[in-house]
Amino acid sequence: MKLKILPVFFLLYGAAYANIAPKSYDFKILYNQEKIEGFVQIPKGGQFGTTSLKRPTFNEMGISKINFPEFQTQINWEKLSIYGDIKYSTFKGGATLKEDLITHSKIIPKNSNFKTKHKYIDYALGIKYNLYSFKFAEFKPLFEYSIRDFSYEYKADIPNQNNKISGKRNFGWGQVNIGMDIINQLTDKYCIETTFKYGVANSKVREFYALDIINKYNIYTDAVKNYQLTFLFGIGYKKLEFKDKQKDRQNYIVQKVKPNLIFGLEYKI
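Each value, and the rule that gives it
- Residues numbered from 1 in each chain as written.
- Predicted model: local features only at pLDDT ≥ 70, side-chain atom pairs only at ≥ 80, totals over all residues.
- Heavy atoms only, no water.
- Helix = DSSP H or I, 4+ residues; strand = E, 2+ residues; numbered from the N terminus.
- Buried < 20%, exposed > 50% of the residue type's maximum accessible area, 1.4 Å probe, protein only.
- Contact = heavy atoms within 4.5 Å.
- Areas by Shrake-Rupley, 256 points an atom, 1.4 Å probe, with all protein chains shown as cover.
- Lys, Arg positive; Asp, Glu negative; His and termini not counted.
- Charge placed at Lys NZ, Arg CZ, Asp CG, Glu CD.
- Phe/Tyr/Trp six-rings, centres within 6.5 Å; stacked < 30°, edge-to-face > 60°.
- Lys NZ or Arg CZ within 6 Å of the ring centre and 35° of its normal.
- Core = buried A, V, L, I, M, F, W, Y, C linked by side-chain atoms within 4.5 Å.
- Pairing = 2+ DSSP bridges.
- Patch = residues over 30% accessible without salt bridge, like charges linked within 9 Å, V, L, I, M, F, W, Y side chains within 5 Å.
- Salt bridge = Lys/Arg side-chain N within 4 Å of Asp/Glu carboxyl O.
- Polar contact = N/O pair within 3.5 Å; in protein donor to acceptor, adjacent residues only side chain to side chain.

J.: What should I look at first to understand the overall build of the chain in this one?
T.: Summing up its helical and strand segments, the chain has 1 helix and 13 strands in all. Listing every helix and strand of the chain by position from the N terminus yields α-β-β-β-β-β-β-β-β-β-β-β-β-β. The principal-axis extent of the C-alpha atoms belonging to the chain is close to 70 × 45 × 25 Å. Expressed as a percentage of the 269 residues in the chain, the buried residues total 44%. Partitioning the intrachain contacts of the chain with sequence separation of at least 6 by distance along the chain shows that 65% fall at a separation of at least 24. Looking at the chain as shown, the accessible area adds up to about 14700 Å², and 57% of this sits on carbon and sulfur atoms. Considering the chain, the positive charge centre built from 41 side chains and the negative charge centre built from 25 side chains are found 5 Å apart.

J.: Looking at this structure, how should I read the packing of aromatic side chains?
T.: Both the distance between ring centres and the angle between the ring planes are used here to describe each pair of aromatic rings. In this structure the tally under the stated criterion is 14 aromatic pairs. Measuring from centroid to centroid gives 5.7 Å for Tyr 152 and Tyr 154, while their planes differ by 35°, and the two rings are tilted. By relative accessible area, Tyr 154 is classed as buried at 1%. Ring centres of Trp 173 and Phe 242 lie 4.2 Å apart, and the angle between their planes is 25°; on these two criteria the pair is classed as stacked. Residue Trp 173 is located in strand β9 (residues 164-185), and its partner Phe 242 is located in strand β12 (residues 227-243); the two are separated by 69 residues in the primary sequence. Residue Trp 173 is classed as buried on the basis of its relative accessible area of 8%. For Phe 242, a relative accessible area of 1% translates into the label buried. A network of ring pairs unites the aromatic residues Phe 58, Phe 91, Tyr 120, Phe 150, Phe 171, Trp 173 and Phe 242 as a single cluster. Here the guanidinium or amino end of Lys 128 rests over the ring plane of Tyr 83, the centre of that ring lying 5.3 Å away.

J.: What should I look at first to understand the nonpolar core in this one?
T.: Buried together is how nonpolar side chains tend to be arranged in soluble globular proteins. Formed by 28 residues in total, the largest nonpolar core has its most connected members in Val 40, Phe 58, Ile 108, Phe 114, Phe 150 and Tyr 152. Every element with two or more residues in this core is listed here: β1 (24-41), β2 (65-76), β6 (113-129), β8 (137-157), β9, β11 (205-222) and β12. Here this core gets 4 residues from one element, more than from any other, and that element is β8. Ranked by size, the runner-up nonpolar core spans 6 residues in total, among them Trp 77, Leu 80, Phe 143 and Val 176.

J.: What is the right way to look at the pairing of β6 in this model?
T.: Regular strands have side chains that alternate between both faces of the sheet. Sheet topology places strand β3 (residues 80-96) next to β6; 17 bridges connect them, and they run antiparallel. If you follow Gly 84 over to β6, its bridge partner there is Leu 125. Looking at chain direction, β6 and β8 are connected through 16 bridges and run antiparallel. Bridged to Ile 127 within β8 is Phe 143.

J.: Even after reading the chapter, I still don't get a positive patch on the surface, so can you show me in this structure?
T.: On the surface, a cluster of positive charge is made up of Lys 92, Lys 115, Lys 117, Lys 119, Lys 155 and Lys 168. By residue number, the principal contributor to the positive patch is β6, which donates 3 residues. On the secondary structure map, Lys 168 appears in strand β9.

J.: I keep staring at the side chain of Asp 181 and nothing clicks. Help me out?
T.: Looking at where Asp 181 falls in the secondary structure, it is placed in strand β9. Within the structure, Asp 181 has its side chain in polar contact with the side chain of Lys 128 (distance 3.1 Å). Leaving out residues up to four positions away in the same chain, Asp 181 has contacts with Lys 128, Glu 138, Phe 139, Lys 140, Leu 142, Glu 193, Thr 194 and Thr 195.

J.: Help me out: how do you make sense of the environment of Asp 26 in this one?
T.: On the secondary structure map, Asp 26 appears in strand β1. Not counting chain neighbours up to four residues away, the residues in contact with Asp 26 comprise Gln 72, Thr 73, Gln 74, Asn 76, Glu 266, Tyr 267 and Lys 268.

J.: Help me understand the environment of Arg 206, please; the structure alone is not making it clear to me.
T.: If you trace the backbone, Arg 206 turns up in strand β11. The exposure class of Arg 206 is partly exposed, given its relative accessible area of 40%. For the pair Arg 206 and Ala 156, spaced 50 residues apart in sequence, the C-alpha to C-alpha distance is 30 Å. The contact partners of Arg 206, leaving out residues within four places of it in the chain, are Ala 201, Glu 241, Lys 243 and Asp 244.

Pasting the structure below:
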C-alpha cells in the first residue's frame, strides 16, 4: 500500500467510531519559544552559481530565537484518538552581511543591510491508539499526515548605492510522521507526556524528528460540568532537513531547534 493511501485508511478507521459517542474532547493553546539554527539555500532553476552553499544561515540573518502559537484539538474514544494541530510561525531577521551572498541568482555584496521575513505553517491530522496501559502509564503509537507551507522573503540595501535587491520564494510539501505518545501519571493532578515523531523520508523531506516532553498539572476540575483545566510547560527538540531534487543546486532548508520552551493550557471536557 502506498504511503499516500495510509492517511485515508486511518481516517476511515476513525470514522468507524462515528456512531460511538466520544468520551472526551481536548483543546490546547500553546506558546513556543525556539532557539533555532540552520540555513536557507535558494538557487534559481537548480543551476550552479545561483546560490551560496548552505547560506544564508539564520545566524547571519540575525535570527536566533523565534516565538509562535500552536493550537491543538483532540477527540478521544475508549482507545482511539483523532487530533489536529496547527503551528503558525512568522518572524523577521535583520543584519549586516559580513561576506558576499548569492541567493536565487542575485549577488548581494558584503556590508549590505540584509532583511528577511519568514513564514512557516504546519497543519497536521493524526491518529493515536492506546496500545498498552497500566496504572501509571499509557503507550500510544501515533500516525499523522502533515502539510507544511514555507515562505521566505528578503530585501537588501546595497551600501553606497541607491539600490535594493529583493525576492520571495514559496514552498509546500506533505509528509508522513510516525511515533509514540507516552503518558506517565505521577499523581492525581500531575503527569508527564512525552511525544516523539519521526518523519518518513521522501523526495523532499530528507530528515525530520521532533521530541516534546510536557509537564501537565491540573489546576481546576469541575466534577458537575465534567471539565478540567490543565497548565502545560515543557521543552522540545526538532530537526527538519528539506531538499528538493533539482540536479545541480537544490532548494535546501535546515532547521535545528534545541531547545524549544513550551507553555500553555489544556481544556478537557
